[in-house]
Amino acid sequence: MSNSNAKGNRRERELVNALDERGFAVMRAPASGSATERELPDVLAGDGDAFYAIEAKSSAGDPIYLDGEEVEALVYFARNFGAKPRIGVRFDREDWYFFHPADLHTTDAGSYRVKKERALADGTDIEELTGGPAKTGLDDY
C-alpha cells in the first residue's frame, strides 16, 4: 500500500471516529471505489435525523481535486440511499470541512476543486455538520 493510500485510510478512520464521538452511527466502506463495480462513498453516517454519504479527501498540498465521475457517483448513491451527499476535505494541520457537491468549483475539465482558503472560510465544520452551532469567523463579530 502506498503512503498516500495509507494516509487516506488513516484520515478516513479519523473521520469515522470523530463522527462516532458525536453520536453518529458510522461506517467506512473499505477500499471504496475498488471493492465493487459500483462506486461507494468513503463513509456513511447517520444519527436518526441526518444521514450523510461522504467522499473524504485529504491533502498536504493545495488544492484538492475530485474526479467528476466520482462526485456524480456520490450524488447518485446518496439520492438512492436517502442520504445527503457531502465532500469532506482535510488539509494537513487543519480540521475537516464539508461541502455539498453543488457548492464546489467545477474546472473546465469537469473535475471539482476545493482550495484550502475556501474550505477554511466557507466549509461546514464537523460541529455544524453534526448538529452543533455554526462556526463563527471574525466577520461575525
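Right above here is the structure, for reference.
Cut-offs used in this document
Residues numbered from 1 in each chain as written. Predicted model: local features only at pLDDT ≥ 70, side-chain atom pairs only at ≥ 80, totals over all residues. Heavy atoms only, no water. Helix = DSSP H or I, 4+ residues; strand = E, 2+ residues; numbered from the N terminus. Pairing = 2+ DSSP bridges. Phe/Tyr/Trp six-rings, centres within 6.5 Å; stacked < 30°, edge-to-face > 60°. Buried < 20%, exposed > 50% of the residue type's maximum accessible area, 1.4 Å probe, protein only. Contact = heavy atoms within 4.5 Å. Polar contact = N/O pair within 3.5 Å; in protein donor to acceptor, adjacent residues only side chain to side chain.

What about unusual backbone geometry?
Next up, step 1: At the junction of Asp62 and Pro63, the peptide bond is cis and its omega measures out at 0° in the coordinates.
Next up, step 2: Among the secondary structure elements, Pro63 is positioned in the loop between β3 (51–59) and β4 (64–66).

A few points about the sheet that holds strand β2 (residues 43–46)
Next up, step 1: Spatially, the 6 strands line up as an open sheet ordered β1-β2-β3-β5-β6-β9, and their pairing is mixed. Looking at strand neighbours, the two that pair on one side only are β1 (25–28) and β9 (124–125), the edges of this open sheet.

Notes on the pairing of β3
Next up, step 1: In terms of strand pairing, β2 meets β3 through 4 bridges, oriented antiparallel. From the neighbouring strand, Leu44 faces β3, where its bridge partner is Ala53.
Next up, step 2: Between the antiparallel neighbours β2 and β3 lie 4 residues, among them Gly48 with a positive phi of about 95°.

Things to note about the sheet that holds strand β8 (residues 112–114)
Strand pairing in a sheet relies on backbone hydrogen bonds, with the paired strands running either antiparallel or parallel.
Next up, step 1: One open sheet holds the 3 strands; their spatial order is β4-β8-β7, and the pairing between them is antiparallel. Among the strands making up the open sheet, the edge pair consists of β4 and β7 (105–106).
Next up, step 2: Sheet analysis places β4 next to β8, joined by 3 bridges and oriented antiparallel. Counted as the bridge partner of Tyr65 is Arg113 from β8.

Points about the packing of aromatic side chains
Pairs of aromatic rings are described using the distance from one ring centre to the other and the angle between the two planes.
Next up, step 1: Applying the stated criterion to the full structure yields 3 aromatic pairs.
Next up, step 2: Relative to Tyr52, the ring of Phe24 has its centre 6.3 Å away and its plane inclined at 25°; by these criteria the two rings are stacked. One end of the pair, Phe24, is in the loop between α1 (3–21) and β1; the other, Tyr52, is in strand β3, and 28 residues separate them in sequence.
Next up, step 3: The exposure class assigned to Phe24 is buried, which follows from its relative accessible area of 3%.
Next up, step 4: With a centroid separation of 5.3 Å and an interplanar angle of 15°, the aromatic rings of Phe77 and Phe81 are classed as stacked.

Looking at the environment of Thr130
Next up, step 1: Locating Thr130 in the fold gives a position in the segment after α4 (126–129).
Next up, step 2: Along the sequence, Thr130 and Arg22 sit 108 residues apart, while their C-alpha atoms lie 6.9 Å from each other.
Next up, step 3: When sequence neighbours within four positions are dropped, the list of residues in contact with Thr130 reads Leu19, Arg22 and Phe24.
Next up, step 4: A distance of 2.7 Å separates the side chain of Thr130 from the backbone oxygen of Ile126, its partner in a polar contact.

On their own, these measurements won't tell you what the molecule is for.
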